[in-house]
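Letter by letter, the chains look like this.
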Amino acid sequence: VVMVAPRKAQLEAIAKAVEEVDSKTCFILLNARLRGGRRDSLRQELATAFIPAFHVRLVAKGEGLVFRQLQDGSSPWILARRKLPSTIATEVSRSLEEPMPNRIEEVFAQSADP
């Protein structure tokens, strides 16, 4: 099952379907916006249930980004900073756990230019 940019009604249907189908059913969610935006219980539940194969989003008013690409072995979450308007980013943090908003703020505050 492939879902592109599902809205709340479709996310609710996905949550229900995940509970009802067997483990051989594959769900692929593209642009589901489960992470980094609005946080509600449904999105949190689905973010826990689905492992992101690829994730990138801007943070810190566009000066930073959160990135993850599923690979063999460990797949770290990377926080990177860029000097606008440049598109080149420098890694400032790496962890195996998805960074929560307070951690993102903390990392970017610590790595800010003096």
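> Outline the sheet that holds strand β4 (residues 64-69), listing residues and values.
Strand-to-strand pairing in sheets goes through backbone hydrogen bonds, with the strands running parallel or antiparallel. Taken in spatial order, the four strands of this open sheet run β3-β4-β5-β6, and their pairing is antiparallel. Whereas interior strands pair on both sides, the edge strands pair on one side only; in this sheet they are β3 (54-59) and β6 (89-95). Here the strands of the sheet are splayed against their neighbours by 20° on average, with no regard to which way each runs. Bridge count for strand β5 (residues 77-82) against β6 is six bridges, and the pairing is antiparallel. Across the sheet, residue isoleucine 78 finds its bridge partner in β6, namely arginine 94. Against the sheet, helix α3 (residues 101-110) contacts β3, β4, β5 and β6, and its axis sits at roughly 40° relative to β5.

> Before we move on, could you go through the side chain of arginine 82 and cite the residues and values that matter?
You can see arginine 82 is positioned in strand β5. Look at arginine 82: it is buried, it has no salt bridge, and the nearest opposite charge is glutamate 63 at 8.4 Å. One polar contact links the side chain of arginine 82 to the main-chain carbonyl oxygen of serine 86, over a distance of 3.3 Å. In contact with arginine 82, other than residues within four places in its own chain, are Leu58, Gly62, Glu63, Thr87, Ile88 and Ala89.

> Would you mind going over α3 in detail, with residue names and values included?
Of the positions making up α3, those classed as buried are Ile104, Val107 and Phe108. The arc enclosing the buried residues of α3, seen along the axis, measures out at 95°, which places them on a common side. Opposite the packed face of α3, turned more than 90 degrees from it, sit the exposed residues Asn102, Glu105, Ala109 and Gln110. Those residues of α3 that are buried are in contact with β3, β4, β5 and β6.

Cut-offs applied
Residues numbered from 1 in each chain as written. Predicted model: local features only at pLDDT ≥ 70, side-chain atom pairs only at ≥ 80, totals over all residues. Heavy atoms only, no water. Pairing = 2+ DSSP bridges. Helix = DSSP H or I, 4+ residues; strand = E, 2+ residues; numbered from the N terminus. Axes fitted to C-alpha atoms, helices over the stretch in contact; angles between N-to-C directions. Contact = heavy atoms within 4.5 Å. Buried < 20%, exposed > 50% of the residue type's maximum accessible area, 1.4 Å probe, protein only. Lys, Arg positive; Asp, Glu negative; His and termini not counted. Salt bridge = Lys/Arg side-chain N within 4 Å of Asp/Glu carboxyl O. Polar contact = N/O pair within 3.5 Å; in protein donor to acceptor, adjacent residues only side chain to side chain. Arc of directions from axis to C-beta.

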